[in-house]
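Geometric and topological summary
Here is how the chains run, residue by residue.
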Amino acid sequence: MKRIITLQDISCVGRCSITVALPVISAMGVECGILPTAVLSTHTMFKNFTCKDLSDQIEPISDVWEKEQITFDGIYTGYLASAEQCGQVCRFFDRFSNESNLTLVDPAMADNGKLYAAFGEDFPAAMAKVCAKADVILPNITEASLLTGMPYKTEYDEAYIHELLERLLDLGCKTAALTGVSYEPDKLGVAYLDRDGKEFSYFTRKCEQSYHGTGDLYAATVLGGLMRGLDLGESLALAADFIVLCIDATAASSSARWYGVEFESQIPQLCRMLEERLKK
């Protein structure tokens, strides 16, 4: 069984970050270790929350793993709390990434044209250094514009997306996959470009609803697919299809919570979809 490590925060209530990654990746048949960067009572969409920064634990934990000669088949980063943590993650990559494992970075820092309120203007440059060390990065269009310095657009064509992807590759990553891409009003999807010039895109129907945590859910599913042997295009498509199922389930549920997408009820379907793809 493959083993991955994910570095991101724990929101004790509210579906996001590690509380999404751990169950989804485990259900997909991959051991999921965690290195929490912070512990929050809830995610930050709640009016009130507590936050305990765990930056001082990242390197001591890493030291122990190195002494124990623990290795990982995949390293996956999500929300990082500060520019300083970005530097710590870069050092973690230097210690634990190698030619035989895969590093995936979800630069979770912005949406809808704006940087998250918790971050200063120096944060995108710090996150760009994390992205530079990755095999695969998964920014949305807002994050891509902040990482590259390109203007953020809500109306665009394929040439704009292609230039964004090229600029993302210039950061140093091996493959850039851009989420939230839409060329038609009723379609939403992902497009990627790698250093060999390979391009791929996949679109699903665009859901009317939007729920917190779908980006975390998407990245976790992509990594799970890659660890199980799917190629990147298959993993991106699997994750996109799964997100649509989860959004539909959340919208239809009388007990749905505004603070997160209901993915738990759809995990059995994810496992079936994964196995079907592995048989092809």
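Note that the structure is predicted; figures quoted are calculated from it, not measured. (Residues numbered from 1 in each chain as written. Predicted model: local features only at pLDDT ≥ 70, side-chain atom pairs only at ≥ 80, totals over all residues. Heavy atoms only, no water.)

1. What about the overall build of the protein?
Each helix and strand counted, the protein has nine helices and eleven strands in total. Projected onto the principal axes, the alpha-carbon positions of the protein cover approximately 50 × 45 × 40 Å. Here the protein, with 280 residues, has 54% of them falling under the buried criterion. Here the contacts in the protein between residues at least 6 apart in sequence split such that 66% fall between residues at least 24 apart. The averaged location of the 39 negative side-chain charges in the protein is 3 Å from the averaged location of its 25 positive side-chain charges. (Helix = DSSP H or I, 4+ residues; strand = E, 2+ residues; numbered from the N terminus. Buried < 20%, exposed > 50% of the residue type's maximum accessible area, 1.4 Å probe, protein only. Contact = heavy atoms within 4.5 Å. Lys, Arg positive; Asp, Glu negative; His and termini not counted. Charge placed at Lys NZ, Arg CZ, Asp CG, Glu CD.)

2. A few points about unusual backbone geometry
One non-glycine residue, Gln-69, adopts positive backbone phi at about 60°. Summarising the element assignment, Gln-69 is placed in the loop between helix H2 (55–67) and strand E4 (74–77). Despite not being glycine, Asn-112 has its phi angle at roughly 55°, a positive value. Residue position: Asn-112 is located in the loop between strand E6 (110–111) and strand E7 (114–115). Given a relative accessible area of 62%, Asn-112 falls into the exposed group.

3. Some details on the pairing of strand E5 (residues 102–105)
Of the two faces of E5, the one carrying Leu-102 and Leu-104 and the one carrying Thr-103 and Val-105 are both buried. Of the strand pairs in this sheet, E4 and E5 are connected by four bridges, and their pairing is parallel. Bridge assignment links Gly-74 to a residue of E5, and that residue is Leu-102. The β-α-β motif built from E4, the intervening helix H3 (residues 83–96) and the parallel element E5 has right-handed crossover chirality. (Pairing = 2+ DSSP bridges. Right-handed = clockwise from strand over helix to strand, strands pointing away.)

4. What to know about the UniProt feature "domain: Pyridoxamine kinase/Phosphomethylpyrimidine kinase" (unreviewed entry) in the protein
Mapped onto this structure's residue numbering, the UniProt feature "domain: Pyridoxamine kinase/Phosphomethylpyrimidine kinase" (unreviewed entry) falls at residues 68–249. Between the C-alpha atoms that bound residues 68–249 the distance is 42 Å, and the span itself is 42% helix and 20% strand. (UniProt positions renumbered as here; feature names shortened; annotations may be inferred.)

5. Observations regarding the side chain of Thr-250
Among the structural elements, Thr-250 can be located in helix H8 (residues 232–252). Judged by its relative accessible area of 1%, Thr-250 falls in the buried class. A polar side-chain atom of Thr-250 sits 2.7 Å from the main-chain amide nitrogen of Glu-262. (Polar contact = N/O pair within 3.5 Å; in protein donor to acceptor, adjacent residues only side chain to side chain.)

6. A closer look at the packing of helix H1 (residues 18–27) against helix H7 (residues 214–227)
For any two helices packed against each other, the geometry comes down to the angle between their axes and how far apart the axes lie. One way to put it is that H1 packs onto H7 with a least axis distance of 9 Å and a crossing angle of 30°. With respect to their mutual orientation, H1 and H7 come out roughly parallel. The two elements H1 and H7 cross, and the hand of that crossing is right-handed. Counted together, Val-20, Ala-21, Val-24 and Ile-25 of H1 and Asp-216, Leu-217, Ala-220, Thr-221 and Leu-223 of H7 form the full contact between these two elements. Along the lines of polarity and charge, the residues of the contact of H1 with H7 split into seven nonpolar, one polar and one charged. (Axes fitted to C-alpha atoms, helices over the stretch in contact; angles between N-to-C directions. Parallel < 35°, antiparallel > 145°, perpendicular 65-115°, else oblique. Left-handed = near helix turned anticlockwise from the far one by under 90°. Nonpolar A, V, L, I, M, F, W, Y, C, P; charged D, E, K, R; others polar.)

7. Some remarks on the pairing of E4
Within a regular strand, the side chains alternate between the two sheet faces. Side chains of E4 alternate between two faces, with Gly-74 and Tyr-76 and Ile-75 and Thr-77 buried alike. Where strand E1 (residues 3–13) meets E4, four bridges bridge the pair, whose relative direction is parallel. Paired with Ile-4 across the bridge in E4 is Gly-74.

8. Comments concerning the sheet that holds strand E2 (residues 31–42)
Read across the open sheet, the nine strands follow the order E3-E2-E1-E4-E5-E8-E9-E10-E11; overall the sheet is mixed. Of all the strands in the sheet, the pair left with one neighbour each is strand E3 (51–53) and strand E11 (199–205). Across nine bridges, E1 lies against E2 in parallel orientation. Directly across from Leu-7, in E2, lies its bridge partner Leu-35. Strands E1, E2, E3, E4 and E5 of the sheet are contacted by H3, whose axis makes an angle of about 175° with E4. Contacting strand E8 (136–137), strand E9 (175–181), strand E10 (187–194) and E11, helix H6 (residues 158–170) runs over the sheet at an angle of about 145° to E9.

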